[in-house]
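Notes for the structure review
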Protein chains: 2
Amino acid sequence: MSGKRYCEKHKVRFYETDCTRNVTVGMLVNIMMLASQDQSNELGITVKKVNELGYGWVITQHMIDIKRLPQIYERINVITEAASYNRYFCYRDFWITSEDGEELAKMHSVFVLMDQSKRKIARILPELIDPYASEYTKKIERLPEPEKIVADEQVRIKKYQVRFMDIDSNQHVNNAHYFDWMMDVLPADFLMSHSLKKMNIKYKQEVHYDDKVKSSVHIEEEEVIKTVHQIKTEQALCCTAECEWKTNH
Amino acid sequence: MSGKRYCEKHKVRFYETDCTRNVTVGMLVNIMMLASQDQSNELGITVKKVNELGYGWVITQHMIDIKRLPQIYERINVITEAASYNRYFCYRDFWITSEDGEELAKMHSVFVLMDQSKRKIARILPELIDPYASEYTKKIERLPEPEKIVADEQVRIKKYQVRFMDIDSNQHVNNAHYFDWMMDVLPADFLMSHSLKKMNIKYKQEVHYDDKVKSSVHIEEEEVIKTVHQIKTEQALCCTAECEWKTNH
């Protein structure tokens, strides 16, 4: 059993793509998150309502599988469903399909409810979850942790400063920017000659306006082409990720 | 007399807005430019066709007037029209209206045709302009130049490095990023307490992947609140702009 399914159409805009003519992974996640926002608005669980109760939804992990990235001007379907939840975690699935219904990408995401005044994770409130008709389960999913960069590994590093427009209407750094910091640190010729297949990204600590972030990556070009990422501020490790790539032909 | 008018609807997405819940000025320009791309595609003057002939459209100036920025989730109309052209310049107008037809913003833009191999401005080709039915005129518009920062004026500076995803499918730095560099250099409390009324932005030199750009601004808080901007790479002055602001109440 699973929750209410929500579907919307999207036509890829030029400003959601990069020089490869494909959607950037950050924008892919934005496009999927938009569908869950639109479902929530339709069900009356607006960000405003959640905030008025003293809470906010926070994403802790995305697991992304990509067959093919949508291209500039392509018409796609975006489907989402609040799959299940337990006392503290909500699990949501997303799919992107082509106009013909072919699956292009999917994502499994973990959401928690944050008590805004205590700055702590809160128990899921029935009035915020019931409308999605998702399944209650006692089971806590044990999702794999992204691999970590180990001390003496060779890494590439780029530094970024969080910009005013990186902060969204929820007063958080928009998700897409973490992906941009993680991808931009890779060499351009790697990005041109490889396609992202899988990404497991885990958020640990919030990044704020004006923070200086350091994006590091370790590249492993073995049988499986893998990149291992971390985003650090001066104070903390904020986000880790592991990506799997395929070579373009 | 003027050219064919093109109109499309748009619903503002969360990732087109910032913490003020308004569309960023860079995204406002993207949303308008999308309408002109969609018109061009409908008339068969695709970017691909223009490139195959050895040319590319390049924007040299935007003059923007804003009554109110569209807000998150707002439904707007985007209207555009290739107003007129002479031997070397095409002039295009854009309007954004609310769902009720109230004018929210307008923009007047100048386009030139670039010969890709000679890297020089080319004469406008009849087959690339005729489908828009815009008016031929001998008159070259004398648009005001943005004010310049003078040598001993007090300026704020931030530095940026052009990212992989800043380059769009036309292999240029997407327009929106110039606006982000120009806005982000302003103090956050200025951006929170003021609204952009007018912007005159002029592009002089292309910026490339990995370039280091320096965004400088001089703020004048006299009777008219004005900011004067420049974007420089290590080699050249690439872009200048002048903005007029109003205080939020």
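Residues numbered from 1 in each chain as written. Chains lettered and ligands numbered in written order. Predicted model: local features only at pLDDT ≥ 70, side-chain atom pairs only at ≥ 80, totals over all residues. Heavy atoms only, no water.

Considerations on the overall build of chain A
A tally of regular secondary structure across chain A gives five helices and twelve strands. The proportion of buried residues among the 249 residues of chain A is 56%. Restricting to contacts in chain A with at least 6 residues of sequence separation, those with at least 24 account for 71%. Charge centroids of chain A, computed over 35 positive and 38 negative side chains, lie 4 Å from each other. (Helix = DSSP H or I, 4+ residues; strand = E, 2+ residues; numbered from the N terminus. Buried < 20%, exposed > 50% of the residue type's maximum accessible area, 1.4 Å probe, protein only. Contact = heavy atoms within 4.5 Å. Lys, Arg positive; Asp, Glu negative; His and termini not counted. Charge placed at Lys NZ, Arg CZ, Asp CG, Glu CD.)

Looking at the interface of chain B and chain A
Between chain B and chain A, the residue contacts involve 41 residues of the former and 41 residues of the latter. Carbon and sulfur atoms supply 56% of the area buried between chain B and chain A, which totals about 3900 Å² over both sides. On the chain B side of the contact with chain A, Phe14(B), Arg163(B) and Phe164(B) bury the most area, a combined 21% of that side's loss. Between Lys158(A) and Asp210(B) there is a salt bridge, with the nearest N and O atoms lying 3.6 Å from each other. (Buried area = accessible area lost by both parts, 1.4 Å probe. Salt bridge = Lys/Arg side-chain N within 4 Å of Asp/Glu carboxyl O.)

Here's the deal with the packing of aromatic side chains
In the structure shown here, the tally under the stated rule is 16 aromatic pairs over all chains. For the ring pair Tyr160(A) and Trp181(A), a centre distance of 6.4 Å and an interplane angle of 25° mean the geometry is stacked. Separated by 21 residues along the polypeptide, Tyr160(A) in strand β8 (residues 156–161) and Trp181(A) in helix α4 (residues 175–184) bring together distant segments of the chain. Using a relative accessible area of 8% as the deciding quantity, one classes Tyr160(A) as buried. The buried category is assigned to Trp181(A), whose relative accessible area is 0%. Through a chain of ring-to-ring contacts, the aromatic side chains of Tyr160(A), Tyr178(A), Trp181(A) and Tyr203(A) assemble into a single cluster. Residue placement shows Arg5(B) over the ring face of Trp95(B); its charged tip is 4.6 Å from the ring centre. (Phe/Tyr/Trp six-rings, centres within 6.5 Å; stacked < 30°, edge-to-face > 60°. Lys NZ or Arg CZ within 6 Å of the ring centre and 35° of its normal.)

A word on the relation of the copies chain B and chain A
Least-squares fitting of chain B to chain A yields an RMSD of 0.0 Å, with the superposition described by an axial translation of 0.0 Å and a rotation of 180°. Such a combination of turn and shift is consistent with a two-fold rotation axis. The rotation axis passes nearest to the C-alpha of Tyr160(B) in chain B, at a distance of 4.1 Å. When the interface residues of chain B are mapped onto chain A, 100% of them again lie at the interface, so the same face is used by both copies. (Least-squares fit on C-alpha atoms with pLDDT ≥ 70 in both.)

A closer look at helix α1 (residues 25–42) of chain B
All names here are of chain B. The end-to-end C-alpha separation of α1 is 26 Å, in line with the 26 Å expected for 18 residues at 1.5 Å each. Here α1 lies mainly inside the structure; 16 of its 18 residues are buried. Just past α1, the residue Gly 44 takes up positive phi, approximately 85°. (Expected span 1.5 Å × (residues − 1).)

Some details on the state of the cysteines
Applying the stated criterion across every chain yields a total of zero disulfides over all chains. Here Cys19(B) is not cross-linked by a disulfide; its sulfur's nearest cysteine counterpart is in Cys243(B), at 17 Å. (Disulfide = S-S within 2.5 Å.)

Topic: the side chain of Asp166(B)
The topology assignment puts Asp166(B) in the loop between β8 (156–161) and α4 (175–184). Each residue touching Asp166(B), except ones within four places of it in the same chain, is listed here: Gln161(B), His172(B), Val173(B), Asn174(B), His177(B) and Trp181(B).

Notes on the pattern of salt bridges
Inspection of every chain in the model, using the stated rule, returns 28 salt bridges over all chains. Between Glu145(A) and Lys148(A) there is a salt bridge, and its shortest N-O distance comes to 3.4 Å. Using a relative accessible area of 38% as the deciding quantity, one classes Lys148(A) as partly exposed. A salt bridge links Glu244(B) to Lys197(B); its shortest N-O distance comes to 3.3 Å. Here Lys197(B) lies in strand β9 (residues 194–203) and Glu244(B) lies in strand β12 (residues 237–247), a separation of 47 residues in the sequence.

Here's the deal with the environment of Asp115(A)
Residue and element names in this part refer to chain A. Structurally, Asp 115 is set in strand β5 (residues 103–115). A C-alpha to C-alpha distance of 9.3 Å links Asp 115 and Asn 51, two positions 64 residues apart in sequence. Excluding residues within four positions of it along the chain, Asp 115 makes contact with Gly 54, Tyr 55, Lys 120 and Ala 122. Of the polar contacts made by the side chain of Asp 115, one reaches the backbone nitrogen of Lys 118; its length is 3.0 Å. (Polar contact = N/O pair within 3.5 Å; in protein donor to acceptor, adjacent residues only side chain to side chain.)

Describing unusual backbone geometry
Phi is positive for Asp210(A), close to 75°, though the residue is something other than glycine. Tracing the backbone through its elements, the reader meets Asp210(A) in the loop between β9 (194–203) and β10 (212–221). In this structure, Arg21(B) takes a positive phi of about 70° despite not being glycine. Position of Arg21(B) among the secondary structure elements: in the loop between β1 (5–11) and α1.

Focus on the packing of helix α1 (residues 25–42) of chain A against α4(A)
Residue and element names in this part refer to chain A. One way to put it is that α1 packs onto α4 with a least axis distance of 8 Å and a crossing angle of 160°. Judged on the interaxial angle alone, α4 and α1 are roughly antiparallel. Here α1 and α4 pass one another in a crossing that is right-handed. In this structure, α1 uses Val 25, Gly 26, Val 29 and Asn 30 to contact α4, whose residues at the interface are Asn 175, Ala 176, Phe 179 and Met 183. Per-class residue counts for the contact of α1 with α4 are five nonpolar, three polar and no charged. (Axes fitted to C-alpha atoms, helices over the stretch in contact; angles between N-to-C directions. Parallel < 35°, antiparallel > 145°, perpendicular 65-115°, else oblique. Left-handed = near helix turned anticlockwise from the far one by under 90°. Nonpolar A, V, L, I, M, F, W, Y, C, P; charged D, E, K, R; others polar.)

Looking at α4(B)
Residue and element names in this part refer to chain B. With ten of ten residues buried, α4 lies mostly within the body of the structure. Within α4, the full set of buried residues consists of Asn 175, Ala 176, His 177, Tyr 178, Phe 179, Asp 180, Trp 181, Met 182, Met 183 and Asp 184. Capping of α4 at its N-terminal end is provided by Asn 174; its side-chain oxygen lies 2.7 Å from the backbone amide nitrogen of Ala 176.

Comments concerning the side chain of Ser98(A)
Within the secondary structure, Ser98(A) is located in strand β4 (residues 90–98). What Ser98(A) contacts, discounting residues up to four positions off in sequence, is Arg68(A), Glu74(A), Arg75(A), Asn77(A) and Leu104(A).

A short note on the pairing of strand β12 (residues 237–247) of chain A
All names here are of chain A. Judged from the nine bridges that link them, β9 and β12 form a sheet pairing that is antiparallel. Note that in β12 the partner of Ile 201 across the bridge is Ala 241. Pairing of strand β11 (residues 225–232) with β12, which is carried by eight bridges, proceeds in the antiparallel orientation. Across the sheet, residue Thr 227 finds its bridge partner in β12, namely Cys 243. From the end of β11 to the start of β12, which pair antiparallel, there are four residues. (Pairing = 2+ DSSP bridges.)

No statement about biological role is implied by the geometric values presented.
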